[in-house]
Structure formats: structure tokens, C-alpha cells
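Breakdown of the fold
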Amino acid sequence: MMMIPKLFKAIVLMAAIASFTACGKPKTQSGNPVQGEVTTEEGATEVKSTLDRIKEESKIIVGISDDYPPFSFAEGEGEDSKYAGLEVDIARYLALELIGEEALIEFVPLKMEELIEKLDAGEVDILITSLSQTEERKQQIAFSEAYYSSGVGLLIPKYSSEIKAWSDLKEKTVCTLGTSVYAGELEKLGMVILEVENSEGMLSALKDKKCVGGAMEEAAIAGLVRNSDWSDYNNSPLPTLFPTPWGMGMRRGPDSESLLEAVNLAIIQMEAEGFIVKKEEEWKIPPTDYVKERMELAKSVIAAQPKKDEKKEEEESFLSGYLAIADGSSSILPVTLALSETFEEANKGVRVGVGGTGVTQGFEQFCAGEIDIVHSARPINKDEMKLCRKERHRYLEMPFAFDAIAVVANPKNTWATCLKREELKKIWSTEASGKIENWQDIRKEFSDSPLVLSAPPSDSGTSEYFLEAILGNGEGVEGRVDYNAQEDEALIVQSTTAEEGGLGILGISTYEENKDVLKIIAVENEAGKCVEPSRKTIDNGTYSPLSRPLFFYVSEEALEKNPAVKEFAKFLINPENQSAIAKFGYVPVSGDLLERVRTRLSNGVTGTLFAGGSTVGVNLSDKLLGARTTEVPEGKENDS
């Protein structure tokens with residue numbers, strides 16, 4: 001069993017896993033400027049791939065920053081200047097992997113506003129510039145595997161005690177750099193933003209007390225506090241806001257595909273060796289959990305590569321050598337991991353890659369044919385149905401269990417045992433942003449303690465369902481934005497337990513794994529009774545409206561072409577796995593409902609029973625027992 005982030009599939013499936021030598025020469029796309037055009041003897045124009053050109057010229061051109069210590073900066077001046085920092089070291093590692101010598105690299109210092117322009121113009125081959133993977137940038141360039149992550153922290157004077165939570169900054173002036181992309185988000189949290197041109201302007205404004213703190217990427221803060229000029233300042237202990245992964249940027253297009261694959265593979269190798277972990281220590285950067293987790297993931301991916309010469313033929317099943325990939329909801333991740341591990345033990349030589357990047361990203365990959373299975377805490381929505389239809393990607397829907405969303409608090413919370421639906425609505429509505437910030441804002445008899453909220457991102461299946469159930473049925477319901485959004489529910493546990501006034505939203509399975517350090521909060525149901533989530537209350541429907549069905553979606557194409565996917569899909573809804581599913585706090589689909597799901601899989605029934613809508617208030621029994629169990633002609637699926 002492997003934990004696999006979004007792009008790991010392409011790496012694991014590369015036939016030339018130990019070599020970059022086989023590189024194709026795709027043809028030019030009309031109207032798109034590309035590097036390395038060559039003319040054949042027949043007069044046809046072909047495109048030499050960027051990776052081919054790099055190897056032939058024995059030179060890779062890397063765009064970097066020259067003023068972002070300790071990640072990338074210039075030492076010295078003029079001809080005597082040289083570049084140093086963690087990302088410069090990463091670039092040299094990359095050059096060594098791609099062309100065999102780290103000295104064969106040309107660094108080109110770039111300003112943030114010219115990065116994509118210079119890349120598109122072919123002046124650099126790759127950007128290694130602490131480049132956040134924003135949605136806008138993803139539309140412009142191709143990103144590598146994420147190799148680092150940073151979010152917004154607050155630079156404050158040492159020994160400052162007035163700022164204990166981000167909510168304490170409401171109506172206070174906070175400095176940001178003029179190039180920041182998060183100033184608008186901070187304004188939504190009620191802060192008054194003062195933009196400064198650079199770090200010198202930031203220091204001057206702080207000294208003159210024009211702002212109470214400087215909101216910057218924590219990576220930038222790590223560089224500033226190394227400087228003696230900033231010896232009186234440090235990063236506050238506030239939770240990180242807007243954490244965003246960094247990726248290396250490359251041009252879009254077929255000429256860069258082989259370079260992207262080669263770079264991704266080099267990143268995985270680099271992470272597995274602990275290279276970035278060591279470099280953090282070397283550059284005196286506070287160690288990050290993200291880098292450590294990536295290292296362990298990379299180790300597991302490399303270790304999981306089948307080594308046929310080390311296996312006895314009789315130990316391998318008929319599925320040996322096949323790979324199945326599943327990704328999606330982080331709240332369902334634990335049960336999918338457990339089931340995949342059991343499946344691998346029974347089928348020697350099979351690898352099941354499992355990730356938890358979030359249900360929205362999971363469906364994006366699924367509809368694009370990048371993964372075989374999505375594990376989801378909600379049904380496929382209308383936009384995802386359109387995307388799959390556009391890509392001609394048909395799928396089978398398999399409800400497998402009922403889940404609950406748990407509302408949890410810090411164990412030191414002695415004042416709240418039950419919350420009404422109206423109170424949850426009060427906490428999470430869009431109007432609550434910057435207003436409902438103390439427990440007494442919820443109920444006057446509660447403690448006078450700051451309310452510190454943590455939950456999955458708004459586009460996760462858990463948050464989408466929660467908001468629909470609490471704020472009102474309907475697709476696209478929006479809630480407050482000023483909370484600690486974490487895709488990894490372990491980080492929600494961490495932030496909830498770190499603050500006495502912490503309140504978190506997560507899947508019941510995560511609560512079950514951490515119930516020794518969390519306090520469960522009962523929720524008042526439609527009958528006016530305070531009910532805690534449990535197998536009994538989920539099964540009998542009294543934990544309402546925060547219980548929901550869970551799904552596996554399986555690619556029809558993968559079922560037909562990959563025997564491992566077919567067997568794994570059957571295994572996921574095998575009645576013998578019900579006890580394993582129940583261990584995570586879920587209520588397995590059973591009896592006639594389970595048999596109906598298994599029949600639909602066996603008969604290849606594609607589409608969804610939910611027409612892209614919500615499951616809030618929907619009876620799964622009515623849906624399944626009234627549904628067809630045989631296939632229908634092309635174009636007439638349930639999701640047509």
C-alpha cells in the first residue's frame with residue numbers, strides 16, 4: 001500500500017523509471033512558439049523536446065530569485081556574485097540528475113512579475129522560485145511535484161503578547177509586501193492592510209509602529225530573522241494561514257512533457273534521500289512537517305516498486321505487477337488505506353496507490369484518466385459530471401458506508417457539550433466572518449474564550465456537505481472564510497488541541513483515531529435532542545443532519561483494462577470487509593443495499609443515482625432499491 005500525492009501516478013507508471021534517455025520529439029502545434037525546431041530531410045518541421053536539447057547542449061537554464069534568503073539569494077556583487085540557498089541547492093541536484101554534472105547550470109535571476117513571461121519566451125527552461133501553485137498559475141504553466149510548502153505567518157516584535165489569535169488583528173493595521181497575493185484575503189478577516197514595497201519598508205513600518213505586524217510567507221520570515229537587522233522580531237506562534245505548495249514551473253506543451261516527467265522523478269528521488277530535510281537544517285530553516293511527510297511518502301513510493309527478481313514466482317498472484325490508483329477525500333483516506341493493505345497482502349505483487357488530496361482534486365484527476373478510483377464523502381457534482389462527460393470518461397458509483405461529520409473541541413472546553421443547528425449556522429455563515437470570534441458570541445453563558453475554528457477547505461467533500469446540511473440544502477453553499485483550512489485532518493486535530501477555544505469539523509473516523517485528545521460535541525437534531533455520533537445513532541438516523549453516505553467511484557475504462565482495478569473494486573464492497581469498515585466508526589452498507597451495489601458493479605451500470613445533487617435528507621435505500629441493475633445504451637446513463 002502506498003500513499004500517493006496527485007502527480008505520483010505518472011512517476012510510478014513511467015516505464016523508464018531509472019532512466020531519462022528515451023525522449024520523444026512531438027510535432028509543432030500551429031501558432032504556438034516552441035524551442036528546438038528542426039527540419040527533417042523531407043522538409044517537415046519537428047520539435048526537439050526541451051529535455052533533448054538540455055542533454056545535447058549539456059546545459060539547463062534555471063530562473064531563480066536573487067533576493068529571497070535563505071531559499072535563493074546572491075552573494076557578492078557583479079562578476080564575483082554567486083547564488084546560494086536551499087532552492088539553488090535543489091537546482092544543482094536537479095542538474096546532476098538530468099545531465100550528470102551540477103556545474104552545467106546557468107542561473108538567471110528574475111523578478112516575480114516577469115517569471116512566466118521569461119519562461120514562455122524560452123529564456124529559461126525551468127523556474128525554481130518559491131512558486132506557489134495557485135489556480136491562476138496552473139492555467140499558465142505546468143507545475144512539477146510539490147517539493148515545499150509555505151503559508152502566511154505574522155512577523156511581530158519579540159516578547160509581544162497582545163496577539164494571540166488572528167482574530168486579535170481585526171481592525172488593526174498589518175503590513176504586507178506589495179507583491180503579496182493574500183492581502184485581499186486578510187482584508188476579509190477584518191485587517192487594515194498597509195502595503196510596503198520591500199522588506200526594508202516592512203522593517204521601517206514596524207519600527208515606526210505603523211503596523212502591529214508583518215503578514216508574510218513564513219519562508220520569507222525564516223530568511224529575515226537570520227539577519228541582525230531583524231534580531232528584535234520573530235514569527236508569531238499563530239496557525240499558518242493559506243498554506244500553499246511550491247512547484248517548479250515549466251512551459252506547457254508537448255515539448256516539455258518529458259522534462260516534466262524527468263523533473264518529477266528527480267524530485268521524488270531527492271525527497272526519498274532526505275535532501276531537503278538536510279538542507280533545511282543546513283540553512284537554519286525551522287523544520288517543516290510537510291518536508292518530513294514528503295520524504296516518507298517518497299520513500300514508500302520508491303520502496304513499493306516491484307522487484308521481480310527478488311520475488312518467488314509462486315508467491316505472486318495472477319495480478320502481479322499491476323497498479324491501481326485511488327485518491328480523493330482525506331476523511332475516507334484511513335479506511336481506503338486499511339482496505340488496500342489487506343488487498344495487497346492477499347495479492348502478492350500488486351500495488352495500490354492511495355492518496356488524500358481532497359475530493360475536488362480527486363475528481364479532476366479521475367475525469368482526466370489519471371487515477372482509477374475516487375473515494376468521496378459526497379456524490380459527484382454537476383461540474384464534475386460535465387468534466388467526465390467532456391473527457392468521455394464513464395464511471396460506476398458504489399456507496400459503501402454511512403459516515404458522520406464530527407464537531408470536536410479541545411478537552412479543556414468545559415462549557416459546551418451540545419450545539420444547536422442554529423448555533424452552528426451562526427458560527428459558519430458568511431456573515432460570521434470577523435464577527436463571531438468568541439465563544440460568548442455563540443451563547444452568552446459560554447466561556448469568554450477566543451473561538452479558533454479549524455475545518456477542511458471549502459471545496460472538500462466534508463465541508464461541502466457540512467455547509468449544505470447546516471446552512472441550507474443546495475449546491476454551492478458558501479460559509480465563512482476566516483478559519484484554519486486544512487486538507488489533512490490530522491492538522492485539524494493538532495490546531496483544535498492547541499487552543500483552549502478550539503472547535504473543529506472532521507470525519508468521524510479521524511475522531512475515532514484521536515478521541516483520547518478530543519472532546520466530542522453533540523449536535524441537536526430535528527427532534528430537538530442532543531445526539532453524539534456513533535454507529536448506533538448513524539444507523540438509526542438520529543444523528544441528523546450530519547450523517548451521510550460515502551462512495552467509491554471506479555473508472556469503467558480501468559475496470560475493463562486493468563485486472564487489479566477490477567478485483568480491487570470487487571474487494572472494496574465485499575461483505576467480509578464490513579467489520580474492517582466499522583472499526584473506523586462507519587456504518588457499512590449491508591443486506592439488500594449492499595447486494596444491489598454489488599450487482600450494479602457486476603453488470604457494469606455506469607452513472608450516478610444523485611444527478612449531481614446533495615445527499616442531505618436523501619434516503620439511500622430509496623435510491624438504490626429503486627435503481628436499475630442492468631446497463632443501458634451509450635448516452636443514457638443516470639448522469640446523462
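The structure under discussion appears in the preceding block.
Residues numbered from 1 in each chain as written. Predicted model: local features only at pLDDT ≥ 70, side-chain atom pairs only at ≥ 80, totals over all residues. Heavy atoms only, no water.

Focus on helix α10 (residues 275-282)
What counts here: Each residue gets one of three labels from its accessible area relative to the maximum for its type: buried under 20%, exposed over 50%, partly exposed in between, using a 1.4 Å probe on protein chains only. Helical segments are the DSSP runs of H or I of at least four residues, strand segments are the runs of E of at least two, and each set is numbered from the N terminus. This arc is built from the directions going out from the helix axis to the C-beta atoms.
For α10, every residue scored as buried is listed here: Phe275, Ile276, Lys279 and Glu280. Mapping the buried residues of α10 onto a view down its axis gives an arc of 135°, with all of them on the same face. Turned more than 90 degrees off the buried face of α10, the exposed positions are Lys278 and Glu281. Directly beyond the C-terminal end of α10, a positive phi value near 55° is found at Lys284.

Describing the sheet that holds strand β5 (residues 67-68)
What counts here: One requirement defines pairing of two strands: DSSP has to find at least two bridges between them.
If you walk across this open sheet you meet the three strands as β5-β6-β7, and the pairing is antiparallel. The two strands at the open ends of the sheet, each matched to only one other strand, are β5 and β7 (82-84). Of the pairings in the sheet, the one linking β5 to strand β6 (residues 72-75) comprises two bridges and is antiparallel in character. Of the residues in β6, the one forming a bridge with Tyr68 is Ser72.

Thoughts on the packing of helix α3 (residues 86-99) against helix α9 (residues 257-272)
Spelled out, the test is: Here an angle of 0 to 180 degrees is reported between the N-to-C directions of two axes, which are lines fitted to C-alpha atoms, with helices fitted over the stretch in contact. Helix crossings fall into two classes, left-handed where the near helix is turned counterclockwise from the far one by less than a right angle and right-handed where it is turned clockwise. Only heavy atoms matter for contacts: two residues are in contact if any of them lie within 4.5 Å across the pair. Think of it as three bins: nonpolar holds Ala, Val, Leu, Ile, Met, Phe, Trp, Tyr, Cys and Pro, charged holds Asp, Glu, Lys and Arg, and polar takes everything else, Gly as well.
It is at 10 Å that the axes of α3 and α9 come closest, and there the two elements cross at 115°. In this structure, α3 meets α9 at a crossing whose hand is right-handed. For the pair α3 and α9, contact is made by Ile90, Tyr93, Leu94, Glu97 and Leu98 and by Leu259, Ala262, Val263, Ala266, Gln269 and Met270, respectively. The residue makeup of the contact of α3 with α9, split by class, is nine nonpolar, one polar and one charged.

Re the environment of Pro237
In this fold, Pro237 is placed in the loop between β15 (233-235) and β16 (241-246). Accessibility expressed as a relative area gives 75% for Pro237, which makes it exposed. Measuring from C-alpha to C-alpha, the distance between Pro237 and Ala165 comes to 8.8 Å, with 72 residues separating the pair along the chain.

Quick look at the state of the cysteines
Defined as follows: The disulfide criterion used throughout: a pair of cysteine sulfur atoms within 2.5 Å.
With the rule as written, the count across this model stands at three disulfides. One disulfide bridge connects Cys175 with Cys211, the sulfur atoms lying 2.1 Å from each other. One disulfide, between Cys175 and Cys211, carries an S-S torsion of -95° and so falls in the left-handed class. Note that Cys175 is positioned in strand β12 (residues 173-177) and Cys211 in the loop between α7 (199-207) and β14 (213-217), a separation of 36 residues in sequence. Residue classification places Cys175 among the buried residues on the basis of a relative accessible area of 0%. The class for Cys211 is buried, based on a relative accessible area of 5%.

Things to note about the pattern of salt bridges
Stated precisely, the cut-off is as follows: Counted as salt bridges are all cases of a side-chain nitrogen of Lys or Arg within 4 Å of a carboxyl oxygen of Asp or Glu.
Across all of its chains, the model carries 19 salt bridges by this definition. With a closest N to O distance of 3.3 Å, Lys515 and Glu512 form a salt bridge. By relative accessible area, which is 44% here, Lys515 ends up partly exposed. Glu557 serves as the salt-bridge partner of Lys561, at 3.0 Å between the closest nitrogen and oxygen. One end of the pair is Lys561 and the other is Glu557, both in helix α21 (residues 556-561) and four residues apart, which spans about a single turn. Three or more residues are tied together by salt bridges with common partners; here these are Arg53, Glu57 and Asp125.

Section: the packing of aromatic side chains
Using the following cut-off: Stacked, tilted and edge-to-face are the three classes applied to pairs of Phe, Tyr and Trp rings, where Trp contributes its six-membered ring and a pair requires centres within 6.5 Å; stacked means planes under 30 degrees apart, edge-to-face means over 60, and tilted covers the rest.
By the definition in use, this model includes 21 aromatic pairs. Measuring from centroid to centroid gives 6.4 Å for Phe363 and Phe366, while their planes differ by 80°, and the two rings are edge-to-face. In this pair, Phe363 and Phe366 both sit in helix α13 (residues 359-367), three residues apart, roughly one turn of the helix. On the basis of relative accessible area, Phe363 is assigned to the buried category, the value being 0%. On the numbers, 5.4 Å between centres and 85° between planes, the contact of Phe551 with Phe610 is edge-to-face. On the criterion of sequence distance, the pair formed by Phe551 in strand β28 (residues 547-555) and Phe610 in the loop between α24 (591-602) and α25 (620-625) is long-range, its members being 59 residues apart. Judged by its relative accessible area of 0%, Phe551 falls in the buried class. Residue classification places Phe610 among the buried residues on the basis of a relative accessible area of 6%.

The analysis is restricted to geometry; functional conclusions fall outside its scope.
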